[in-house]
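Here is what each chain is made of, one letter per residue.
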Amino acid sequence: MANPQLMTGLGAAVSVFFSALGSSIASAPAGIYAISSSSGIKAFCPIVISGVLAIYGIIVAVILCGKLSNNEVHDETDGYRHFSAGLAVGLACLASGCGLARFLEANLRISAPVPRGESDERFLLGNTTSVQTRVIGPAEINIKFIMVLCFIEAIGLYGLIVGLLLSN
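Report on the accompanying structure. (Residues numbered from 1 in each chain as written. Predicted model: local features only at pLDDT ≥ 70, side-chain atom pairs only at ≥ 80, totals over all residues. Heavy atoms only, no water.)

### With respect to the overall build of the chain
Consideration 1: Counting its secondary structure elements, the chain contains 5 helices and 0 strands.
Consideration 2: The helix and strand sequence of the chain, counted from the amino end, reads α-α-α-α-α.
Consideration 3: When the 168 residues of the chain are sorted by exposure, 38% land in the buried category.
Consideration 4: Considering only residue pairs separated by 6 or more positions, the chain has 84% of its internal contacts joining residues 24 or more positions apart. (Helix = DSSP H or I, 4+ residues; strand = E, 2+ residues; numbered from the N terminus. Buried < 20%, exposed > 50% of the residue type's maximum accessible area, 1.4 Å probe, protein only. Contact = heavy atoms within 4.5 Å.)

### Some details on the environment of A88
Consideration 1: Mapped onto the secondary structure, A88 falls in helix α3 (residues 76-111).
Consideration 2: According to the relative accessible area criterion, A88 is partly exposed, its value standing at 21%.
Consideration 3: Not counting chain neighbours up to four residues away, the residues in contact with A88 comprise G159, V162 and G163.

### Some words on the packing of helix α2 (residues 45-69) against helix α5 (residues 143-167)
Consideration 1: Between α2 and α5, whose axes approach to 10 Å, the crossing angle comes to 0 degrees. One element, α2, and the other, α5, form an angle in the roughly parallel class. Where α2 approaches α5, its residues C45, P46, I49, V52, L53, Y56, I59, V60, I63, L64 and K67 are matched on the opposing element by F145, I146, L149, C150, E153, G156, L157, L160, L164 and S167.
Consideration 2: For the contact of α2 with α5, the residue count by class is 17 nonpolar, 2 polar and 2 charged. (Axes fitted to C-alpha atoms, helices over the stretch in contact; angles between N-to-C directions. Parallel < 35°, antiparallel > 145°, perpendicular 65-115°, else oblique. Nonpolar A, V, L, I, M, F, W, Y, C, P; charged D, E, K, R; others polar.)

### Quick look at the pattern of salt bridges
Consideration 1: In total, this model carries 1 salt bridge according to the counting rule given.
Consideration 2: The salt bridge partner of R81 is D78, with a shortest N-O separation of 2.8 Å. Note that R81 and D78 are positioned in helix α3 at a spacing of 3 residues, about one turn of the helix.
Consideration 3: Look at R81 and you get partly exposed, because its relative accessible area is 27%. (Salt bridge = Lys/Arg side-chain N within 4 Å of Asp/Glu carboxyl O.)

### Topic: the packing of helix α1 (residues 4-36) against α2
Consideration 1: Packing of α1 against α2 leaves a shortest axis separation of 7 Å and a crossing angle of 170 degrees. It follows from the interaxial angle that α1 and α2 lie roughly antiparallel.
Consideration 2: Grouping the constituent residues of the contact of α1 with α2 by class yields 16 nonpolar, 13 polar and no charged.

### A look at the packing of aromatic side chains
Consideration 1: Counted by the stated rule, this structure contains 3 aromatic pairs.
Consideration 2: With a centroid separation of 5.1 Å and an interplanar angle of 15 degrees, the aromatic rings of Y33 and F145 are classed as stacked. Placement of Y33 in helix α1 and of F145 in helix α5 is noted, with a sequence separation of 112 residues between them. In this pair, the class of Y33 matches that of F145, namely buried. (Phe/Tyr/Trp six-rings, centres within 6.5 Å; stacked < 30°, edge-to-face > 60°.)

### Observations concerning the environment of A28
Consideration 1: With respect to the element layout, A28 can be found in helix α1.
Consideration 2: Look at A28 and you get partly exposed, because its relative accessible area is 47%.
Consideration 3: For the pair A28 and S50, spaced 22 residues apart in the sequence, the C-alpha separation amounts to 9.4 Å.

### Focus: the side chain of S96
Consideration 1: Looking at the element boundaries, S96 is found in helix α3.
Consideration 2: With sequence-adjacent residues up to four places away left out, S96 is seen in contact with L53, I152, E153, I155 and G156.

### Observations regarding the side chain of D78
Consideration 1: Its relative accessible area of 17% is what places D78 among the buried residues.
Consideration 2: Separated by 2.8 Å, the side chains of D78 and R81 make a polar contact. (Polar contact = N/O pair within 3.5 Å; in protein donor to acceptor, adjacent residues only side chain to side chain.)

### Brief notes about the nonpolar core
Consideration 1: Counting residues in each nonpolar core, the largest one holds 19 residues, and the members touching the most others are Y56, V89, L100, L104 and L149.
Consideration 2: Elements represented by at least two residues in this core include exactly α1, α2, α3 and α5.
Consideration 3: Here Y56 is in contact with V89, C93, E153, G156, L157 and L160, once residues within four sequence places are set aside. (Core = buried A, V, L, I, M, F, W, Y, C linked by side-chain atoms within 4.5 Å.)

If you want it as structure tokens, here you go:
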């Protein structure tokens with residue numbers, strides 16, 4: 001038999017751990033993006049969005065810790081539900097952070113200048129010119145870019161919703 005207080009505490013711990021892990025995975029390329037951009041304050045949108053992922057885990061952890069502090073009697077089912085709530089938000093934020101990192105790294109790679117004579121996958125695909133034909137990324141932040149970031153971040157929000165439903 002599993003101890004419900006232990007399972008609730010583990011749920012709080014995994015929610016913070018995995019959501020912070022997803023946030024840190026996304027924060028590294030988001031910081032590089034913000035530093036290399038010339039778009040001013042709009043360049044910090046990716047790092048703010050990646051930081052929100054850690055907040056989702058903290059929200060569920062605070063709710064679960066509140067369940068530990070009151071003197072209610074919890075059964076085994078409640079412990080498993082609380083552990084599942086922590087896993088739901090934590091793993092959803094981890095997936096969202098990995099998606100954000102992959103999107104930002106691809107965007108940085110597309111916008112990076114290619115020096116003459118250096119090998120790149122674009123040359124392997126038949127493009128032998130040394131002039132880059134399409135430059136996007138740190139030079140411009142448009143509404144499409146922000147919308148893609150929001151939709152990738154929504155995966156973590158869905159995990160938060162499921163975690164809140166499971167914790168109550």
